[in-house]
Protein chains: 2
Amino acid sequence: MTTSFSIPTLDDVARAAGVSTATVSRCLNAEQKVSKDTRDRVMEAVDALGYTPNFNARAMAAKRTYTIGAIIPTMENAIFARGLQAFQETLHGLGYNLLVSSSAYRPELEAEQIRGLVARGADGLLLIGYEREQSVYDYLGKRGIPTMLAWSYLPDRPHASVGFDNRASMRVLADRVISMGHRRVAVISGIVDGNDRAEGRLNGIKDSWVANGFDLADLPVIETPYEIENGATAFETLMNGTQKPSVIMCGNDVLAAGAMTRAKELGYDIPNDVSVTGFDDIELAKHLHPSLTTVHVPHREMGRTAARELVNLIDGSSTTVHRQLNVSIIMRNSLAQV
Amino acid sequence: MTTSFSIPTLDDVARAAGVSTATVSRCLNAEQKVSKDTRDRVMEAVDALGYTPNFNARAMAAKRTYTIGAIIPTMENAIFARGLQAFQETLHGLGYNLLVSSSAYRPELEAEQIRGLVARGADGLLLIGYEREQSVYDYLGKRGIPTMLAWSYLPDRPHASVGFDNRASMRVLADRVISMGHRRVAVISGIVDGNDRAEGRLNGIKDSWVANGFDLADLPVIETPYEIENGATAFETLMNGTQKPSVIMCGNDVLAAGAMTRAKELGYDIPNDVSVTGFDDIELAKHLHPSLTTVHVPHREMGRTAARELVNLIDGSSTTVHRQLNVSIIMRNSLAQV
DNA sequence: TTGTAGGCGTTATCAA
DNA sequence: TTGATAACGCCTACAA
């Protein structure tokens, strides 16, 4: 008996079941087009041989992969984790797989990964925010790759988007902060260059500051990458400035967590000595001490919506849409009246 | 002029450059086998057309994808993030790409994703721990897929592994805890079933407990999924038990963070009322208040080593190896003498 | 150094 | 309901 131990192919299954490869293929993809009788026989052979379709061959022949690519700036902190999880779950329910890469906030890496995902035959793409070279959009357009932009609401853009207005959201929080009597405000922002979310958030604070009649020259801002340690460093820098702030507004919860840690180390009482605010409402926010006042983003809803709308786009059952999600201010204990 | 806007193929490039497809292919893959002259001409055509090789076609023809698949239990918390990041960076440097999926700690999902990754032509796989159905290993073996098991050191297993001895490591911490006078110890463990790391850690504590002459009946253990909220709940349950523990040892830092949060909410002072320990030393650990005593795992080194050894396995330049990494106890402020 | 041609494992079209 | 057969886009002996 000469048994082959090589990986079984469609051909092997067909031979084992005594049918043509076409029939086996039908059993796997459109089972209603095959008589129950032969289908049973085929499936038996499939099981017996432990056959798994070759994805690459399938992709080539079908010109369809049922996979979506997603490129997020980082996996290192929790910002995108929840939303992506929901995205992936919803996709799974719709019969799609998800491929994830992270760009480390580097545009050229993102571009490379976009090409890679497209080369792999991704049926659609999920990208974060909109700020990237036009050539990237040209590439996507030329290839006809349905693309969904998330974490930002972009009604004026030609690409589908689902998210919220970072600028307006942060402005609401800033208005609130100022209405509570704070006049010495300082900001720890994410790096604005190349990051429209960070830029929007910072501008939201500036909008409020100016609208309330203050001078931008009196609004200290530190820009630093979204890392907990950087929040700590920035906090110390700001508190050593010429005029101690009464509140420090942070571009996200990670920076805020770092700021609060350093505050404690330096003996500052939050919120009595200085208030701190965040953005995102990651799980950690309510577990910090004191709990963090922040802007709640509906990450899971965003992920679900992105998945559904992107699949609609791919199906052709809908055209470019823009879905705006509501955020809300979560008042906890890190922000106090002045 | 009739310009085609379809996606360019090797054929298009060949025609544009006035060479055969074989030559173009060589330019892209083994450029030393082509004269500089024609190579320049070819590359020019590549750029002009914006050509990107079709990954699936390439994979079929070459039977090689230069991609590694990794399946981790979860992306939701930071446990695997750092190690995976290092894994990916090292891989990139070696000319490989990484595909990540998460199994949500569900074995059947993991099995499905393994098949998916293999079907996609992954040259090798990274899996976490060893506890999974034999059929999975059979499948991998039959297909001849080089596989690296990480987060555990498994010298007795037939698969390559890189990691540390979870059981022995946790035992060292437990010995330390007991030597500091603690006699009322309680444990918040991860779910042990199907998770050899969690099981090892729990057993490490039990080893120490028994070796020190105590009775396992006096060691309260709560098993709960690795989520911050679960750590909080478990803490409260334990503190409401018949005998309040003087120390709560947690299966990882996430559970510990939750426990500490609830402690604060309930008015317990850590470490004076009760000590808390963790495992992993995630970034957050030193930012908690008080800072968390825990077991430091060299995540980045683990990721780098896993990448290098896995690629060696694929190249055939090495055979199954087992690499043990050293962990260390990080004494911070959440653990006090009794 | 370059070109020719066969094959990789599917799906899909067209007949039967 | 089923079976031939032609793509799909690339790599790689083998020849020239």
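Residues numbered from 1 in each chain as written. Chains lettered and ligands numbered in written order. Predicted model: local features only at pLDDT ≥ 70, side-chain atom pairs only at ≥ 80, totals over all residues. Heavy atoms only, no water.

Colleague: Describe the overall build of chain A, naming the residues involved and giving the relevant values.
Modeller: Across its full length, chain A carries 12 helices and 12 strands. In summary, chain A has a C-alpha radius of gyration of 26 Å against a globular reference of 20 Å for 338 residues, an excess of more than 25%. Each of the three principal axes of chain A carries a C-alpha extent, and together these read 85 × 40 × 30 Å. When burial is assessed residue by residue, chain A has 54% of its 338 residues classed as buried. Long-range pairs, those at least 24 residues apart, make up 71% of the contacts in chain A with a sequence separation of at least 6. Accessible area for chain A stands at about 14600 Å²; split by element, carbon and sulfur atoms hold 48% of it. (Helix = DSSP H or I, 4+ residues; strand = E, 2+ residues; numbered from the N terminus. Rg over C-alpha atoms; globule rule 2.2 N^0.38 Å. Buried < 20%, exposed > 50% of the residue type's maximum accessible area, 1.4 Å probe, protein only. Contact = heavy atoms within 4.5 Å. Areas by Shrake-Rupley, 256 points an atom, 1.4 Å probe, with all protein chains shown as cover.)

Colleague: Give me the UniProt feature "domain: HTH lacI-type" (unreviewed entry) in chain A: which residues, what numbers.
Modeller: The UniProt feature table records "domain: HTH lacI-type" (unreviewed entry) at residues 8–62 of chain A. When the span residues 8–62 of chain A is considered, its composition is 71% helix and 0% strand, and the gap between its end C-alpha atoms is 20 Å. (UniProt positions renumbered as here; feature names shortened; annotations may be inferred.)

Colleague: Report on the interface of chain A and chain B, specifying residues and quantitative values.
Modeller: Facing 43 residues of chain A, the contacting portion of chain B comprises 42 residues. Interface area for chain A against chain B, summed over the two sides, is near 4200 Å², with a carbon-plus-sulfur share of 52%. In terms of surface lost to chain B, no three residues of chain A exceed Asn-56, Arg-120 and His-287 of chain A, which account for 16% of the buried area on that side. Where chain A meets chain B, there are zero salt bridges. Elements supplying a minimum of two residues to the side of chain A that touches chain B: α4 (55–62), α5 (81–93), β2 (97–102), α6 (107–119), α7 (134–143), α10 (228–239) and α11 (253–265) of chain A. Residues belonging to the side of chain A that touches chain B are distributed by class as follows: 18 nonpolar, 13 polar and 12 charged. (Buried area = accessible area lost by both parts, 1.4 Å probe. Salt bridge = Lys/Arg side-chain N within 4 Å of Asp/Glu carboxyl O. Nonpolar A, V, L, I, M, F, W, Y, C, P; charged D, E, K, R; others polar.)

Colleague: Describe in detail the domain arrangement of chain A, supporting the description with residues and values.
Modeller: Under the domain assignment used here, chain A contains domain 1 (1–50), domain 2 (65–164 + 299–326) and domain 3 (166–297). Centre-to-centre separation of domain 1 of chain A and domain 2 of chain A, based on C-alpha positions: 36 Å. (Domains from an automatic or database assignment.)

Colleague: Describe the nonpolar core, naming the residues involved and giving the relevant values.
Modeller: Core analysis: the largest hydrophobic core is formed by 150 residues, its most contacted members being Phe-87, Ile-248 and Met-249 of chain A together with Phe-87, Ile-248 and Met-249 of chain B. In contact with Ile-248 of chain A, other than residues within four places in its own chain, are Ala-186, Ile-188, Phe-235, Leu-238, Met-239, Val-274, Ser-275, Val-276 and Thr-277 of chain A. Residues Leu-140 and Leu-154 of chain A together with Tyr-137 and Tyr-139 of chain B belong to the second largest nonpolar core, which totals 30 residues. (Core = buried A, V, L, I, M, F, W, Y, C linked by side-chain atoms within 4.5 Å.)

Colleague: Summarise helix α12 (residues 299–315) of chain B; cite the residues concerned and give the values.
Modeller: Residues that lie three or four places apart on an α-helix share one face, since the helix turns once every 3.6 residues. Residue and element names in this part refer to chain B. A rise of 1.5 Å per residue sets the reference length of α12, with its 17 residues, at 24 Å; its end C-alpha atoms lie 24 Å apart and thus fit the reference within 8%. Buried within α12 we find His-299, Met-302, Gly-303, Thr-305, Ala-306, Ala-307, Glu-309, Leu-310, Val-311, Leu-313 and Ile-314. Considering only its buried residues, α12 is in contact with β1 (67–72), α5 (81–93), β3 (124–128), β4 (147–150), β5 (160–163) and β11 (322–324). At the exit of α12 stands Gly-316, carrying a positive phi of roughly 80°. (Expected span 1.5 Å × (residues − 1).)

Colleague: I'd love a proper account of the protein's contact with DNA strand C, names of residues and values included.
Modeller: Neighbouring DNA strand C are 26 residues; Leu-10 and Ser-25 of chain A together with Thr-23, Arg-26 and Thr-38 of chain B lie closest to it. Each atom of DNA strand C within 4 Å of the protein belongs either to a base or to sugar and phosphate, the latter forming 61%. Contact distances for DNA strand C include 2.7 Å between a phosphate oxygen and a side-chain N or O atom of Tyr-51 of chain A. Ser-20 of chain B is positioned such that a nitrogen or oxygen atom in its backbone is 2.9 Å from a phosphate oxygen of DNA strand C. Within the residue set of the surface near DNA strand C, elements represented by two or more residues are α2 (21–29) and α4 of chain A together with α2 (21–29) and α4 (55–62) of chain B. Residue composition of the surface near DNA strand C, grouped by class: 12 nonpolar, nine polar and five charged. (Near = heavy atom within 4 Å. Polar contact = N/O pair within 3.5 Å; in protein donor to acceptor, adjacent residues only side chain to side chain.)

Colleague: Let's hear about helix α9 (residues 196–211) of chain B: which residues, and what values?
Modeller: Residue and element names in this part refer to chain B. Counted at 1.5 Å a residue, the expected span for α9 with its 16 residues is 22 Å, and the 22 Å between its end C-alpha atoms agrees. Where α9 is concerned, the buried positions are Asp-196, Arg-197, Ala-198, Gly-200, Arg-201, Leu-202, Asn-203, Gly-204, Ile-205, Ser-208 and Trp-209. The inward-facing, buried residues of α9 contact β3, α8 (166–179), β6 (185–189), β7 (221–223) and β8 (247–250).

Colleague: Go over the sheet that holds strand β7 (residues 221–223) of chain A with me, naming the residues and quoting the values.
Modeller: Residues and elements named next belong to chain A. Here four strands make up an open sheet; going across it, the order is β7-β6-β8-β9 and the pairing parallel. Edge positions in the sheet fall to β7 and β9 (275–277), since each of these pairs with one other strand and no more. Averaged over all pairs of adjacent strands, the angle between their axes in this sheet comes to 15°, without regard to strand direction. Judged from the three bridges that link them, strand β8 (residues 247–250) and β9 form a sheet pairing that is parallel. Directly across from Val-247, in β9, lies its bridge partner Ser-275. Across the sheet, helix α9 (residues 196–211) is in contact with β6 (185–189), β7 and β8; its angle to β6 comes to roughly 170°. Where α10 meets the sheet, its contacts fall on β6, β7 and β8, and the angle it forms with β6 comes to roughly 155°. (Pairing = 2+ DSSP bridges. Axes fitted to C-alpha atoms, helices over the stretch in contact; angles between N-to-C directions.)

Colleague: Describe the relation of the copies chain A and chain B, naming the residues involved and giving the relevant values.
Modeller: Note that the two copies of the chain are related through a rotation about an axis and a translation along the same axis. Overlaying chain A with chain B gives an RMSD of 0.1 Å, the required rotation being 180° about an axis along which the chain moves by 0.0 Å. Interpreted geometrically, this transformation is the action of a two-fold axis. Identified as the residue of chain A closest to the rotation axis by C-alpha distance is Asn-56 of chain A, at 2.4 Å. Here 98% of the contact residues of chain A are again contact residues in chain B; the copies associate through an equivalent surface. (Least-squares fit on C-alpha atoms with pLDDT ≥ 70 in both.)

Colleague: So, the environment of Asp-218 of chain A: which residues are in play, and what are the values?
Modeller: Residue and element names in this part refer to chain A. By the element assignment, Asp-218 lies in the loop between α9 and β7. Residues Asp-218 and Met-60, spaced 158 residues apart in sequence, show a C-alpha to C-alpha distance of 60 Å. Excluding its chain neighbours within four sequence positions, the residues that come into contact with Asp-218 are Val-185 and Trp-209.

Colleague: Break down the environment of Ser-102 of chain B for me, citing the residues and quoting the values.
Modeller: Residue and element names in this part refer to chain B. Here Ser-102 shows up in strand β2 (residues 97–102). On the basis of relative accessibility, which here comes to 5%, the residue Ser-102 falls in the buried class. C-alpha separation for the pair Ser-102 and Leu-284, spaced 182 residues apart in sequence, amounts to 22 Å.

Colleague: Tell me what's going on with the packing of α2 of chain B against helix α3 (residues 36–49) of chain B, and back it up with residues and numbers.
Modeller: All names here are of chain B. Packing of α2 against α3 brings their axes to within 10 Å, and their N-to-C directions diverge by 90°. What the angle tells us is that α2 and α3 run roughly perpendicular. In this structure, α2 uses Val-24, Cys-27 and Leu-28 to contact α3, whose residues at the interface are Arg-39, Val-42, Met-43 and Val-46. Of the residues in the contact of α2 with α3, the class split is six nonpolar, no polar and one charged. (Parallel < 35°, antiparallel > 145°, perpendicular 65-115°, else oblique.)

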